[in-house]
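Here is what each chain is made of, one letter per residue.
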Amino acid sequence: MAGCNTDCVEKPIARGFEILGRFVGRHHLWFFILPMFISAGLGGGFYFLADREANGIEEMFTPMDGPAKDERQVVKEYFPQNDSDFSRLRLYTEGTFASLIIVTPAANILTNPAFTKIIAMDREVKAIDVGTCNFSNLCVKKGDVCVSNSIFDIVKTLNLTTIDYPYHDNIFIASEIGGVKLKTGSTEIESAKAIRLFYFLKEDNQTVNTMWLQKFIETASTKQKEDGMTISYFTSISRDEEFEKSSDSIIPLFSLTYALAITFSIISCIRLDCVRNKVWVATFGVLSAGMAVLSSFGLLLYCGMPFAMTVATAPFLILGIGVDDMFIMISCWQQTQVHDNVEDRMAATYKEAAVSITITTLTDALAFFIGLLTPFGSVQSFCMYTGTAVLFCYLYNITFFGAFLALNGRREKSNRHWLTCMKVSEPEENSEKYNICSVGGAYDHETGKEEPMPINNFFKTYYGPFLTNNWTKGFVILLYAVYLGSSIYGCLQIQEGIDLKNLAADSSYVGSYYDNEDEFFSEYGPNVMVVVTDSAFKYWDESARNILDSCLQNFEGLPMVSQNRTISWLNEYLTFGKMTHLNLSEENTFKSNLSAFLERSDFIQDVNFTDNTIYASRVFIQTVNVSTAVDEKNMLNELRETASVCSVKLVVYHPAFIYFDQYAVIVSNTIQNIVVATLAMLVISLLLIPNPICSLWVTFAIASVIVGVAGFMAFWNVNLDSVSMINLVICIGFSVDFSAHISYAFVSSDKITANEKAIDAVYHLGYPIIQGAVSTILGVVALSAAESYIFRTFFKIMFLVILFGAVHGIVFIPVFLSFFGICGAKVGNEEDAGDNPQDNTYQLKKKMNDNIVCENNF
């Protein structure tokens, strides 16, 4: 049944390709020219590149359906922001702002000389103007006065004598004074290392705001060292702008990558025979991959598909994939009869290459398109562009590159020099077979095919027997046990989430600001809103208030929440009621006095009191010691869990939760994508490999490679985030390419024993696996020199994927298959396995005997 299934899939594909190959060979000029015109036309889509660029951090690197976005909408609906009565605590976005962190190398920054310099810096910032607009025109205000930094108000009052921490006169100053050392047994500050200043702008004119912020960046960049103090700076537009700029660091690497790819392809295809040399074929194979990128990207840009910065890594990957398919075509061409006419050779080439390049395209494209299931915009954009590029790569390989292969075949047929196209002498009997100048066209007179590569004999004569030696097998099993154990340990150590500073280039000023923020201002985390969304909640009812108080106490009982730091309008109102002898347990009294209290207090923005109904209200809890990604994840999960178990309808929110949401979905989405893709690859394997048990071995190899890549990610300091998720999805497609074809070769071998089958498989596939692995790594190796974390991460994981996939293909899988003769045809029984015409394996081996040399790991 398995053999029938394989024939039902393989025969129509092979027959269709045979017809196509003959047609391309006959009309090669059309197939050579037409794809170039199509590529040029579709390349016009790059005109829209600037409009399609989507480099917003929130848009691309946070879950599209993240809970925090719904929570933000709740806060926005009930508590709209008011620029004329500004409160940073109550913002539902980060706001529009600029910030400075001033750090002193001295023991204490809270000195009069240091503050004199800081005040001068503050004045210089406020003097920045854009046309007729200066800071006083753009700033948010409290009443009619620009909102100032609290530290300046405190210093003016106390002249640096006594400052309490973290609250001074009910003003939270931990976000402005960092690196604090307190006096023993006191809340009074003894010394501090850093001061942070904020400059918030109104949001009614973002164009002018952006101009002012850019001028702020220019001004601050000239003052990174000021009188011994170190100054780092940041704005609300910095992340997005620096993220966009980081892609510039890889533009020079494109030319380097294509030079490496062309060089490797030429070296792989070069022959000393001046006729059989495939230099131009290799060059046009690389060009074909470049055209695939141009066409696919242009088409999607025409269609309006967002272009995330992660897509900039796709050309490097597509180059590797395209070159690998080129190697398959060349390999199969070399197995055809040299004296046949070009059309027959093209038909034979396409027939034998059909399964390999079709399966390669199917597995790779499917892996990418499955990535569209993820809720991250950056992953969706990358997968859509790359998956489409894989399809175009396939299309151009069988049209444009095939047409050039036919043109080159006509040159070979007429025995012309590869460079000058002048006719050269054919080798004579008992003379040199060929040389690079004037003699060429040699072939194997016994088979009528081009002479094989010497390296293939190395795998048959030396590597295969060495690998199947019992001592070697024992060492391979031990090596695999160490690999698997290390990988599982690494998986347990892996960190989740992307550090926002990693989205900028290494040299960006954003990095130093984040480093100073982590070092000096991480003791106190975000002030989180706890919103009561139940419009029927009876705030005046004591039993209802007790329930709410119990919920708030549960929040304060969490390890990352500071006790007795909750800011509650309700507690203050009840205290006000006691002082004024009001019975606030009575509904009418509670409501009739509420508006007056809110007007006189700072809580006017914390209660949505409309038409004598409290639709929503909020209090604030202070988090502490939230400095790592693990802390952020645990805080988010525990706060939401605590809110969910409260009998009062509560929503917890802080603007940073938009970014923390990635922790809630990254693992589950990664697992979902991997499981779906693995099941899809299993189905493909069952169609490809005529033995279900060997198909299970392919599935095992996929799981093994994924575990290895995920585990060694941790050792290489790569987090599990939306960037690495892309690569883990890619990992599945490449794992199939490596393992499926070696299993296919093992099953299809006409050898008798399991060891002989393993040797035969590595003989035919050892060099192609190495060739494909090296070409793919060369396609991405230039990214290791990029200044951006995203591109380096892409290189690291692709390197692990290809390395582990290749090792599984030429080391682990052949050894494991050699233990299981059931994957072959009655291994060890020559009489049963060799001559039964009714046996499925006999039929398969008869069919595969000639074409297995064309099977490539890609």
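Rules used throughout
- Residues numbered from 1 in each chain as written.
- Predicted model: local features only at pLDDT ≥ 70, side-chain atom pairs only at ≥ 80, totals over all residues.
- Heavy atoms only, no water.
- Phe/Tyr/Trp six-rings, centres within 6.5 Å; stacked < 30°, edge-to-face > 60°.
- Helix = DSSP H or I, 4+ residues; strand = E, 2+ residues; numbered from the N terminus.
- Buried < 20%, exposed > 50% of the residue type's maximum accessible area, 1.4 Å probe, protein only.
- Lys NZ or Arg CZ within 6 Å of the ring centre and 35° of its normal.
- Disulfide = S-S within 2.5 Å.
- Axes fitted to C-alpha atoms, helices over the stretch in contact; angles between N-to-C directions.
- Parallel < 35°, antiparallel > 145°, perpendicular 65-115°, else oblique.
- Left-handed = near helix turned anticlockwise from the far one by under 90°.
- Nonpolar A, V, L, I, M, F, W, Y, C, P; charged D, E, K, R; others polar.
- Arc of directions from axis to C-beta.
- Contact = heavy atoms within 4.5 Å.
- Polar contact = N/O pair within 3.5 Å; in protein donor to acceptor, adjacent residues only side chain to side chain.
- Pairing = 2+ DSSP bridges.
- Salt bridge = Lys/Arg side-chain N within 4 Å of Asp/Glu carboxyl O.
- Patch = residues over 30% accessible without salt bridge, like charges linked within 9 Å, V, L, I, M, F, W, Y side chains within 5 Å.
- Areas by Shrake-Rupley, 256 points an atom, 1.4 Å probe, with all protein chains shown as cover.
- Lys, Arg positive; Asp, Glu negative; His and termini not counted.
- Charge placed at Lys NZ, Arg CZ, Asp CG, Glu CD.
- pLDDT = per-residue confidence, 0-100.

(A) Representation of the packing of aromatic side chains. Overall, the coordinates contain 65 aromatic pairs when judged by the stated rule. An angle of 75 degrees between the planes, with centres 5.9 Å apart, marks the rings of Phe-297 and Phe-307 as edge-to-face. With Phe-297 in helix H12 (residues 279-302) and Phe-307 in the loop between H12 and helix H13 (314-334), this pair connects stretches of sequence that are 10 residues apart. Note on Phe-297: relative accessible area 3%, which makes it buried. Ring centres of Phe-795 and Phe-799 lie 5.9 Å apart, and the angle between their planes is 40 degrees; on these two criteria the pair is classed as tilted. Of this pair, Phe-795 and Phe-799 are both found in helix H28 (residues 789-818), 4 residues apart, which corresponds to roughly one turn of the helix. A connected cluster of aromatic rings, assembled from ring pairs, spans Tyr-480, Tyr-483, Tyr-489, Phe-700, Phe-712, Phe-715, Phe-804, Phe-812 and Phe-816. The residue whose ring lies beneath Arg-345 is Trp-333, and the NZ or CZ to ring-centre distance is 4.0 Å. Directly above the aromatic system of Phe-819 lies the positively charged group of Lys-473, at a separation of 5.1 Å from the ring centroid.

(B) Looking closely at the state of the cysteines. Inspection of every chain in the model, using the stated rule, returns 2 disulfides. There is a disulfide in this structure between Cys-139 and Cys-146, and the S-S distance comes to 1.8 Å. Taking the torsion about the sulfur-sulfur bond, which here is approximately -65 degrees, the covalent link between Cys-139 and Cys-146 counts as left-handed. No disulfide involves Cys-303; its sulfur sits 17 Å from the nearest other cysteine sulfur, which is in Cys-383. Owing to a relative accessible area of 60%, Cys-303 belongs among the exposed residues under this scheme.

(C) Representation of the packing of helix H26 (residues 722-748) against H28. Where H26 meets H28, the closest approach of the two axes is 9 Å, and the angle between their N-to-C directions is 25 degrees. Accordingly, the angle class assigned to the pair H26 and H28 is roughly parallel. Regarding H26 and H28, the two cross each other, and that crossing is right-handed. Looking at the contact of H26 with H28 residue by residue, the classes come out as 17 nonpolar, 7 polar and no charged.

(D) Geometry of helix H20 (residues 569-579). Buried within H20 are the following residues: Trp-569, Leu-570, Tyr-573, Phe-576 and Gly-577. Viewed along the axis of H20, the buried residues span an arc of 120 degrees, placing them on a single side of the element. When the buried face of H20 is taken as reference, the exposed residues oriented beyond 90 degrees from it are Lys-578 and Met-579. Contacts from the buried residues of H20 go to helix H19 (542-556), helix H21 (587-600), strand E15 (607-610) and strand E16 (613-624). Capping the start of H20, Ser-568 holds a side-chain oxygen 3.3 Å from the backbone nitrogen of Leu-570, two or three residues further along.

(E) Layout of the pairing of strand E13 (residues 229-235). Extensive coverage of E13 is indicated by the burial of 6 of its 7 residues. Taken together, the 6 bridges between strand E1 (residues 96-103) and E13 define a ladder with antiparallel strand orientation. From the neighbouring strand, Val-103 faces E13, where its bridge partner is Thr-230. Pairing of strand E12 (residues 225-226) with E13 involves 2 bridges; the strand directions are antiparallel. Across the sheet, the residue bridging to Glu-226 is Met-229, located in E13. Linking E12 back to E13 in an antiparallel pair, the connection comprises 2 residues, with Asp-227 at a positive phi of about 55 degrees.

(F) Summary view of the pattern of salt bridges. Applying the stated criterion across every chain yields a total of 23 salt bridges. With a closest N to O distance of 2.7 Å, Glu-517 and Arg-196 form a salt bridge. Residue Glu-517 is found in helix H18 (residues 509-520), and its partner Arg-196 is found in strand E11 (residues 194-201); the two are separated by 321 residues along the sequence. Residue classification places Glu-517 among the partly exposed positions, given a relative accessible area of 22%. Between Lys-278 and Glu-412 there is a salt bridge, and its shortest N-O distance comes to 3.0 Å. Here Lys-278 is found in the loop between helix H11 (251-269) and H12, whereas its partner Glu-412 is found in helix H15 (residues 377-413), with 134 residues between them in sequence. Given a relative accessible area of 0%, Lys-278 falls into the buried group. Overlapping salt bridges bring together Arg-276, Lys-278, Arg-345 and Glu-412 as one network.

(G) Representation of unusual backbone geometry within the structure. The residue after Tyr-165, namely Pro-166, is reached through a cis peptide bond having omega 5 degrees. With respect to the element layout, Pro-166 can be found in the loop between helix H8 (150-158) and strand E6 (167-168). For Asp-611, which is not a glycine, the phi torsion comes out positive at approximately 55 degrees. Position of Asp-611 among the secondary structure elements: in the loop between E15 and E16. Phi is positive for Asn-625, close to 55 degrees, though the residue is something other than glycine. Here Asn-625 shows up in the loop between E16 and helix H22 (629-645).

(H) Molecular detail of the sheet that holds E1. An order of E8-E11-E1-E13-E12 is seen for the 5 strands of this open sheet, with the pairing classed as antiparallel. Every other strand in the sheet has two partners, leaving strand E8 (177-178) and E12 as the edge strands with one partner each. With respect to the sheet, helix H9 (residues 206-221) is in contact with E1, E11 and E13, its orientation differing from that of E1 by roughly 15 degrees. Seen against the sheet, H18 touches E1, E8, E11 and E13 and runs at an angle of roughly 110 degrees to E13.

(I) The environment of Ile-151, seen in detail. One can find Ile-151 in helix H8. Taking the relative accessible area as the measure of exposure, Ile-151 reaches 1% and is therefore buried. For Ile-151 and Ile-173, which are 22 residues apart along the polypeptide, the C-alpha to C-alpha distance reads 7.2 Å. Not counting chain neighbours up to four residues away, the residues in contact with Ile-151 comprise Phe-115, Ile-163, Glu-176, Ile-177, Ile-195 and Leu-197.

(J) Summary view of the packing of helix H14 (residues 342-370) against H15. Contact geometry of H14 with H15 gives a least axis separation of 10 Å together with a crossing angle of 170 degrees. Between H14 and H15, the angle is such that the two are roughly antiparallel. Its residues assigned to classes, the contact of H14 with H15 comprises 16 nonpolar, 10 polar and 5 charged.

(K) Focus on a negative patch on the surface. Where like charges cluster on the molecular surface, the negative patch consists of Glu-53, Asp-240, Glu-244 and Asp-248. Structurally, Glu-53 can be placed in the loop between helix H3 (49-52) and helix H4 (57-61).

(L) Structural view of the sheet that holds strand E17 (residues 650-653). Pairing is antiparallel in the open sheet, where 4 strands are placed in the order E15-E16-E14-E17. The two strands at the open ends of the sheet, each matched to only one other strand, are E15 and E17. For this sheet, the mean inter-axis angle between neighbouring strands, taken without regard to orientation, is 15 degrees. Sheet analysis places strand E14 (residues 524-532) next to E16, joined by 7 bridges and oriented antiparallel. Of the residues in E16, the one forming a bridge with Val-530 is Val-619. Of the strands in this sheet, E14, E15, E16 and E17 are in contact with helix H5 (residues 67-78), which crosses E17 at around 105 degrees.

(M) Examining the confidence of the model for the protein chain more closely. Mean pLDDT over the protein chain: 84, with 91% of residues reaching 70 or higher. Per-residue pLDDT stays below 50 along residues 1-5; that stretch engages in 7 contacts with residues further than four places along the chain or on separate chains. Note that residues 825-858 has pLDDT below 50 and, in this model, 86 contacts with residues that lie over four places away or in other chains.

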